[in-house]
Protein chains: 2
Amino acid sequence: MTSETTPALAEDTALVGFQEHDHENCVDSALAIAESRCKDEGLRLTPVRRKVLEMLLQEHRALGAYAILDRLREAGFGSQPPVAYRALDFLVDNGFVHKIERLNAFVACAHPGATHSPAFMICRKCDAVAEAHSAPAKGALGAAARAVGFEIERTVVEAEGVCPDCTEKA
Amino acid sequence: MTSETTPALAEDTALVGFQEHDHENCVDSALAIAESRCKDEGLRLTPVRRKVLEMLLQEHRALGAYAILDRLREAGFGSQPPVAYRALDFLVDNGFVHKIERLNAFVACAHPGATHSPAFMICRKCDAVAEAHSAPAKGALGAAARAVGFEIERTVVEAEGVCPDCTEKA
DNA sequence: GGCATACATGATATGGAATAACATGACAAG
DNA sequence: CTTGTCATGTTATTCCATATCATGTATGCC
């Protein structure tokens, strides 16, 4: 589901996911950014954590916790659920990885470094996931929240539909 | 996960959204609306389905599938997972119930009758859930989708935070 | 009525997601 | 060296979800 058609579109903003890109480079640079950010902020990007991030970057799609666990086992790490969940917790808490609630699965963040409130487009045919930015608290939801006195701390925004590749094939 | 600490519903009022209301009446009228809509559209609101809807309306908060299953068992229905999931599928497909992805749980729709794309406010302290309307496809996400050719069919919008009651208590 | 069909339910079994609880190891600070 | 903290590992369990097959029930058609 990665690489294939799709012309280059305004690259540097919002979208990564349904477009071609230099994959090798994107994995390496994302890992480098993660390492540097961890160093700066005193976070420990340990081997398990790094491995999980690396494989999510490599796959470039959402992986379930048990798929991650399988790969950890193959790589010689612990293979019980908490091993994966703890690494994922760390990565999610620090913004390196996002959880896709709709799929109960995880993807590497496409915009590392930036603090953001992500939105996702999920293809129901091929499970490809693209990350965009959202500002849900500024629209109708934000108004509703203010009206009743609800304090928004975090938002989940996920659009389900069909990606350009799958539309084309059909 | 959804805590089972409901004090008996002796009162006629409970929290919808985060506001008081005439609970008895709201359950009855919602059931009536559902029945009438099913009749109109040739849908079969069978006993299991009706029971599930009724108990979600009664509880007025998100219930997990197995909590629902427990109640079905008590009411003399089948007690295996598919029984609950099939009823829930029917109710969700027809807009009587929404699934809260963040909680892997289900709530009765607060705006029956209207076709809508709901948004939710979920209190992380007490798990209360309020429903609002959203139009995510009209904002930044919609623009991003159009830009890459992603066809949005459905959206999940869930805000996590603290409800007015819990804010007050703190 | 008898029959075919579609749909609803029931029961079994299994797979995947997530966490509780407890033990060990590595390491830095005092 | 001891203590505290954080990361990892392991066991066990609970909850969420679906595939599969069998049975029942309403409906419409001949």
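Heads up: the structure comes first, above all this text.
Described below are features of the structure shown in this document. Nothing here was measured: the structure is a model prediction, and the numbers come from that model.

## Quick notes on the overall build of chain A
No. 1: In terms of regular secondary structure, chain A is built from six helices and five strands.
No. 2: Start at the N end of chain A and walk to the C end: the helices and strands fall as α-α-α-α-β-β-β-β-α-β-α.
No. 3: The buried share among the 170 residues of chain A stands at 42%.
No. 4: For chain A, the exposed area adds up to about 8500 Å²; of that, 50% sits on carbon and sulfur atoms.

## A few points about the protein's contact with DNA strand D
No. 1: Near DNA strand D you find 16 residues, and of these Thr-46, Val-48 and Arg-86 of chain A together with Tyr-85 and Lys-99 of chain B are the closest.
No. 2: Backbone sugar and phosphate groups make up 49% of those atoms of DNA strand D lying within 4 Å of the protein.
No. 3: At 2.3 Å from a base nitrogen of DNA strand D is found a side-chain nitrogen or oxygen belonging to Arg-86 of chain A.
No. 4: Contacts to DNA strand D include Tyr-85 of chain B, whose side-chain N or O atom sits 3.2 Å from a phosphate oxygen.
No. 5: Contributions of two or more residues to the surface near DNA strand D are made by helix H2 (47-59) and helix H4 (81-93) of chain A together with helix H4 (81-93) of chain B.
No. 6: Broken down by class, the residue content of the surface near DNA strand D amounts to seven nonpolar, five polar and four charged.

## Details of the protein's contact with DNA strand C
No. 1: Surrounding DNA strand C, one finds 16 residues, the nearest of these being Tyr-85 and Lys-99 of chain A together with Thr-46, Val-48 and Arg-86 of chain B.
No. 2: Between a base nitrogen of DNA strand C and a side-chain N or O atom of Tyr-66 of chain A, the distance comes to 3.1 Å.
No. 3: Every element with two or more residues in the surface near DNA strand C is listed here: H4 of chain A together with helix H2 (47-59) and H4 of chain B.
No. 4: Grouping the constituent residues of the surface near DNA strand C by class yields seven nonpolar, five polar and four charged.

## Some details on the pairing of strand S6 (residues 129-133) of chain B
No. 1: Among the five residues in S6 of chain B, four count as buried, and that is most of the element.
No. 2: Hairpin geometry of strand S5 (residues 118-123) of chain B and S6 of chain B is characterised by an intervening segment of five residues between the two adjacent antiparallel strands and by a positive phi of about 65 degrees at Asp-127 of chain B.

## Regarding the pairing of strand S3 (residues 97-100) of chain B
All names here are of chain B.
No. 1: One ladder, built from four bridges, connects S3 with strand S4 (residues 105-108); its direction is antiparallel. Within S4, the position partnered with His-98 by the bridge is Val-107.
No. 2: Here S3 folds back onto S4, and the loop between the two strands holds four residues, one of which, Asn-104, carries a positive phi near 45 degrees.

## A closer look at the interface of chain B and chain A
No. 1: Each side of the interface is counted separately: chain B has 35 residues, and chain A has 36 residues.
No. 2: Taken together, both faces of the contact between chain B and chain A bury some 2900 Å²; the carbon and sulfur share is 61%.
No. 3: Summed over the three residues of chain B that lose the most area to chain A, namely Leu-141, Val-148 and Phe-150 of chain B, the buried surface amounts to 21% of that side.
No. 4: Here chain B is connected to chain A by six salt bridges.
No. 5: Of the charged contacts, one joins Arg-124 of chain B and Glu-153 of chain A as a salt bridge, the two residues approaching to 2.6 Å between their closest N and O atoms.
No. 6: At the junction of chain B and chain A, the tally comes to 12 residue pairs in polar contact (both at pLDDT 80 or more).
No. 7: Secondary structure elements with two or more residues in the side of chain B that touches chain A: S5, S6, helix H5 (140-148), strand S7 (151-162) and helix H6 (164-169) of chain B.
No. 8: At 12 residues, S7 of chain B tops the list of elements feeding residues into the side of chain B that touches chain A.
No. 9: Taken together, the residues that form the side of chain B that touches chain A break down as 20 nonpolar, seven polar and eight charged.
No. 10: Relative to S7 of chain B, strand S5 (residues 151-162) of chain A runs antiparallel, the two being bridged by 11 bridges.

The rules behind the values
- Residues numbered from 1 in each chain as written.
- Chains lettered and ligands numbered in written order.
- Predicted model: local features only at pLDDT ≥ 70, side-chain atom pairs only at ≥ 80, totals over all residues.
- Heavy atoms only, no water.
- Helix = DSSP H or I, 4+ residues; strand = E, 2+ residues; numbered from the N terminus.
- Buried < 20%, exposed > 50% of the residue type's maximum accessible area, 1.4 Å probe, protein only.
- Areas by Shrake-Rupley, 256 points an atom, 1.4 Å probe, with all protein chains shown as cover.
- Near = heavy atom within 4 Å.
- Polar contact = N/O pair within 3.5 Å; in protein donor to acceptor, adjacent residues only side chain to side chain.
- Nonpolar A, V, L, I, M, F, W, Y, C, P; charged D, E, K, R; others polar.
- Pairing = 2+ DSSP bridges.
- Contact = heavy atoms within 4.5 Å.
- Buried area = accessible area lost by both parts, 1.4 Å probe.
- Salt bridge = Lys/Arg side-chain N within 4 Å of Asp/Glu carboxyl O.

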